[in-house]
Number of protein chains: 2
Amino acid sequence: MLVDDLDTPAVICDLDVLERNLREMAAYCRDLGILLRPHTKSHKIPEIAHWQLASGAIGICCQKLGEAEVMVAAGIRDILIPYNIVGKAKLERLARLARRAAITVAVDSEETARGIAEQLQADGARVRVLIELDTGARRCGVQSPEEARALARVLVRLPSLDFQGIMTYPSRPEAKTFLEETIRLLEADGIPVATISGGGTGLEEISREIGCTEHRSGSYVWEGRSRVRGREDLHPDRCPLRVVCSVVSTPAPGRIIIDGGMKTFASYPPVPYGYCVEYPEIQIYAMSVEHGHVDTSASDHRFRVGERLSFIPLHQEMCLNLHDELVGVRSGKVEVTWPVAARGKVK
Amino acid sequence: MLVDDLDTPAVICDLDVLERNLREMAAYCRDLGILLRPHTKSHKIPEIAHWQLASGAIGICCQKLGEAEVMVAAGIRDILIPYNIVGKAKLERLARLARRAAITVAVDSEETARGIAEQLQADGARVRVLIELDTGARRCGVQSPEEARALARVLVRLPSLDFQGIMTYPSRPEAKTFLEETIRLLEADGIPVATISGGGTGLEEISREIGCTEHRSGSYVWEGRSRVRGREDLHPDRCPLRVVCSVVSTPAPGRIIIDGGMKTFASYPPVPYGYCVEYPEIQIYAMSVEHGHVDTSASDHRFRVGERLSFIPLHQEMCLNLHDELVGVRSGKVEVTWPVAARGKVK
């Protein structure tokens, strides 16, 4: 089957570019001397996670428990969930999962830690635990090294939890003091810090500089070794994801309508929307729910109804999360159709 | 089962409010003297479509062929797809669907019309056809009454197509002359215009004023009879959709983190994100992919980890399109769990 035979809009992936992105990040982290733990929320596809492990990653990262359930079901054995897991339903699911794979979770409060410990003890399971530090991102995380120490003192006494270390996101130079002081306080208490986890694609070197032992990178699968900041960073040699659309209307000169809109690209105004591989000079300038509005005035090409165009979406991870399937291609031929198995697993 | 037993984030729907929205729009269109054809892209759930038909709608509308396939499979017999259907794969699907239900499509070009006619003739199927007029929205549609006449002259001669009339979107006062002149030209040619289709929730009265016979409304199921323009329009008596989240972190005074982010709410900066039913004074001020960042500084309540909060999402249709299930509730009890059967059907 050829890409040209796929019904549109189709989300496809250039496997050569994907594989190069995986290979280059693995080599980069190896050279830096930091362990790589890919964040699979960016793709949600078990086979890509296995490829990441085969390229040298030490395990994977999932943002939600539901994603981790999908990955364990696909045979993956070492998963970090850097998320506070709360609520009876989720704690029971965590306990079941922890009996099948080595699960590490992050916590930033005694309430969360006690909830996990009680459920896991009741169910005869164990998890490794990291303390999340808020080193400036103002999301989750304890606010000071002293708070980290207070929480660590609780954690090491709770049943069913194996204290493993600390984590932060994103990795930033300002975090160095916070991390070092936390480690100093914990070691003074006799609590060893085996893992120091940093995160954020493009921040691997900073992670190493601030003392992290491992790094969580996600979007490098779609964006290469640095983050895409805008349309100018989208390039087919770097970004393997494409949305193949059909032209459904050529209503007036300089303007065409394609069959992909917000429910295909996941883009909202006022951001730009993507990059056309065949005609980089054209621009998606607006989006309806199911239509893309394209300005073709800069192009000499005469666009026809039924013609197919490939766009690199700007919001790659959010785009893929809308779709049930990703088609892997090489040189215009379909090589694999992957279910986006963890799509929508927000629980 | 109670709403409080659902794992979070859960997307739920207050069935009393939903039913009132359906009832009120049906009565309003009846009083106006315009036929109602609900746009099911807003919910993608066959049973809600059946409820809309039971409340007096003449048929439904689907934006993509894939949505229509789901609705026909659920027993719905009259569907308008106001979309140019192009490409071999889709034309074959359209032909198959048109043998099972009364399908109307919109076209704005001879290429699209010829593609449909050829495939349907080959497959022994027929569809009704509307010409889409661009009355100012600058999306699809012919640009003038003369263009509409030229296309109509082609359509009435093509096999397997039953010319049915004209459509525009959204309905606006400026469209009146365009519609009237088109009808005059077509009738002078002896081409009867049976259907004049307008669209847009809140624009029903304008549709009637510009001469439409039927109206496509979608978002009224979630927003009532006028569109939600911003957070100030979100109210639990009007908006039945809720995202139930858990507080996963209370890292610092005046700030909590909930377990729903962009992959749950479908919201992007810089728009506001939703309305908290229990504590309207608090505000989601930022979103990560899987976290919501909530400013609680205006509230006296002391939020706890594990506490559950219900938010009306700002982008209701886009939010629901991320989720596989919608839970219908009444007075805090679960009454139905609906698969969002046409979710992700962008083809």
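In this text the structure is predicted, and so the values were computed from the model without any measurement.

J.: I'd love a proper account of the side chain of Arg 343 of chain B, names of residues and values included.
T.: Position of Arg 343 of chain B among the secondary structure elements: in the segment after β17 (333-339). Given the relative accessible area of 4%, Arg 343 of chain B is considered buried. A distance of 3.0 Å separates a polar atom in the side chain of Arg 343 of chain B from the backbone oxygen of Leu 322 of chain A. In this structure, Arg 343 of chain B is in contact with Leu 322, His 323, Asp 324 and Arg 343 of chain A together with Lys 44, Leu 320, Asn 321, Leu 322, His 323 and Asp 324 of chain B, ignoring residues within four places of it in sequence.

J.: Before we move on, could you go through the packing of aromatic side chains and cite the residues and values that matter?
T.: Residues and elements named next belong to chain A. In this structure the tally under the stated criterion is six aromatic pairs over all chains. Relative to Trp 338, the ring of Trp 51 has its centre 5.4 Å away and its plane inclined at 70 degrees; by these criteria the two rings are edge-to-face. Of this pair, Trp 51 sits in helix α2 (residues 46-54) while Trp 338 sits in strand β17 (residues 333-339), and the two are 287 residues apart along the sequence. The exposure class assigned to Trp 51 is partly exposed, which follows from its relative accessible area of 24%. On the accessibility criterion, Trp 338 (4% relative accessible area) is buried. Note on Phe 265 and Phe 311: the rings are 6.1 Å apart at their centroids and 75 degrees apart in plane angle, and the pair reads as edge-to-face. Taken together, the residues Phe 265 in helix α10 (residues 262-265) and Phe 311 in strand β15 (residues 308-313) connect sequence positions 46 residues apart. The class of Phe 265 is buried, set by a relative accessible area of 0%. The exposure class assigned to Phe 311 is buried, which follows from its relative accessible area of 1%.

J.: How would you sum up the sheet that holds strand β4 (residues 78-81) of chain B? Please name residues and give values.
T.: All names here are of chain B. Spatially, β2-β9-β8-β7-β6-β5-β4-β3 is the arrangement adopted by the eight strands of the open sheet, whose pairing is parallel. At either margin of the open sheet sits one strand with a lone partner, and together these are β2 (35-36) and β3 (60-61). Here β2 pairs with strand β9 (residues 214-216) via two bridges, running parallel. Across the sheet, Leu 36 pairs through a bridge with His 215, a residue of β9. The strands touched by helix α3 (residues 65-73) are β3, β4 and β5 (102-107); relative to β4, the strand with the most contacts, the crossing angle is about 175 degrees. Each of β5, β6 (127-133) and β7 (161-168) is contacted by helix α5 (residues 110-123), which is oriented at about 150 degrees to β5, the strand it contacts most.

J.: Can you explain the packing of helix α4 (residues 88-98) of chain B against α5 of chain B? Please cite residues and give values.
T.: Residue and element names in this part refer to chain B. α5 packs onto α4 with a crossing angle of 50 degrees between their chain directions and a minimal axis gap of 9 Å. As far as their axial angle goes, α5 and α4 are oblique. Crossing angle aside, the handedness with which α4 passes α5 is right-handed. Contacts from Lys 88, Leu 91, Glu 92, Leu 94 and Ala 95 of α4 reach α5 at Gly 115, Ile 116, Gln 119, Leu 120 and Asp 123. Per-class residue counts for the contact of α4 with α5 are five nonpolar, two polar and three charged.

J.: Can you break down the interface of chain B and chain A residue by residue, with the values?
T.: Accessible area lost upon the coming together of the parts serves often as the stated size of an interface. Contacts between chain B and chain A engage 59 residues on the former and 59 residues on the latter. For the pair chain B and chain A, the summed buried surface comes to about 5,000 Å²; carbon and sulfur atoms form 52% of the total. The closest approach of N and O atoms between Lys 90 of chain B and Asp 259 of chain A, which form a salt bridge, is 4.0 Å. Put simply, the parts of the chain that give the side of chain B that touches chain A at least two residues each are α4, α5, β10 (241-252), β11 (255-258), α10 (262-265) and α11 (316-320) of chain B. Ranked by residue count, the leading element in the side of chain B that touches chain A is β10 of chain B, at six residues. Of the residues belonging to the side of chain B that touches chain A, the class tally is 22 nonpolar, 18 polar and 19 charged.

J.: Explain the sheet that holds strand β8 (residues 195-199) of chain A residue by residue, including any values.
T.: All names here are of chain A. Taken together, eight strands build an open sheet; the order of strands is β2-β9-β8-β7-β6-β5-β4-β3 and the sheet is parallel. Looking along the sheet, the strands with just one partner apiece sit at the ends: β2 (35-36) and β3 (60-61). Of the strand pairs in this sheet, β8 and strand β9 (residues 214-216) are connected by three bridges, and their pairing is parallel. Its bridge partner lying in β9, Gly 198 is registered against His 215. Against the sheet, helix α4 (residues 88-98) engages β5 (102-107) and β6 (127-133), with an angle of about 145 degrees to β5.

J.: I'd love a proper account of the pattern of salt bridges, names of residues and values included.
T.: Evaluation of the coordinates by the stated rule reveals 52 salt bridges over all chains. In this structure, Glu 335 of chain B and Arg 330 of chain B form a salt bridge, with 2.9 Å as the shortest nitrogen-oxygen distance. Assessed through its relative accessible area of 46%, Glu 335 of chain B is described here as partly exposed. In this structure, a network of salt bridges that share partners links the residues Asp 7 and Asp 259 of chain A together with Glu 69, Lys 90 and Arg 93 of chain B.

J.: Requested: an account of the pairing of strand β4 (residues 78-81) of chain A, with residues and values cited.
T.: Residue and element names in this part refer to chain A. Relative to β4, β3 runs parallel, the two sharing two bridges. Paired with Ile 60 across the bridge in β4 is Ile 79. Crossover β3 to β4 through helix α3 (residues 65-73) is right-handed. By the bridge criterion, four bridges tie β4 to β5 in an arrangement that is parallel. From the neighbouring strand, Ile 81 faces β5, where its bridge partner is Val 105. Crossover connection from β4 via α4 to parallel β5: handedness right-handed.

J.: I'd like a description of the packing of helix α6 (residues 145-155) of chain A against helix α7 (residues 175-188) of chain A, backed by residues and values.
T.: Working note: a packed helix pair is described by the angle between its axes plus the distance between those axes. Residue and element names in this part refer to chain A. Relative orientation of the contacting elements α6 and α7 amounts to 40 degrees, with a least axis distance of 9 Å. In terms of crossing hand, the pair formed by α6 and α7 is right-handed. Mapping the contact onto sequence places Pro 145, Glu 146, Ala 148, Arg 149 and Ala 152 in α6 and Phe 178, Glu 181, Thr 182, Leu 185 and Leu 186 in α7. A per-class count over the contact of α6 with α7 returns six nonpolar, one polar and three charged.

J.: Tell me about the domain arrangement of chain A, and name the residues and values.
T.: Residues and elements named next belong to chain A. When cut into domains, chain A gives domain 1 (3-11 + 228-339) and domain 2 (15-223). When each unit is reduced to the centre of its C-alpha atoms, the spacing between domain 1 and domain 2 is 34 Å. Each partner contributes to the interface: domain 1 provides 19 residues, whereas domain 2 provides 18 residues. Together, Glu 317, Arg 330 and Trp 338 form the three largest contributors to the area buried by domain 1 at its contact with domain 2, with a combined 38%. For the pair domain 1 and domain 2, the interface holds three salt bridges. The partner of Asp 16 in a salt bridge is Arg 330, and the shortest N-O contact between them spans 2.7 Å. The interface formed by domain 1 and domain 2 includes nine residue pairs in polar contact (both at pLDDT 80 or more). Secondary structure elements with two or more residues in the side of domain 1 that touches domain 2: α11 (316-320), β16 (325-330) and β17. By residue class, the composition of the side of domain 1 that touches domain 2 is 11 nonpolar, three polar and five charged.

Parameters and conventions
- Residues numbered from 1 in each chain as written.
- Chains lettered and ligands numbered in written order.
- Predicted model: local features only at pLDDT ≥ 70, side-chain atom pairs only at ≥ 80, totals over all residues.
- Heavy atoms only, no water.
- Helix = DSSP H or I, 4+ residues; strand = E, 2+ residues; numbered from the N terminus.
- Buried < 20%, exposed > 50% of the residue type's maximum accessible area, 1.4 Å probe, protein only.
- Polar contact = N/O pair within 3.5 Å; in protein donor to acceptor, adjacent residues only side chain to side chain.
- Contact = heavy atoms within 4.5 Å.
- Phe/Tyr/Trp six-rings, centres within 6.5 Å; stacked < 30°, edge-to-face > 60°.
- Pairing = 2+ DSSP bridges.
- Axes fitted to C-alpha atoms, helices over the stretch in contact; angles between N-to-C directions.
- Parallel < 35°, antiparallel > 145°, perpendicular 65-115°, else oblique.
- Left-handed = near helix turned anticlockwise from the far one by under 90°.
- Nonpolar A, V, L, I, M, F, W, Y, C, P; charged D, E, K, R; others polar.
- Buried area = accessible area lost by both parts, 1.4 Å probe.
- Salt bridge = Lys/Arg side-chain N within 4 Å of Asp/Glu carboxyl O.
- Right-handed = clockwise from strand over helix to strand, strands pointing away.
- Domains from an automatic or database assignment.

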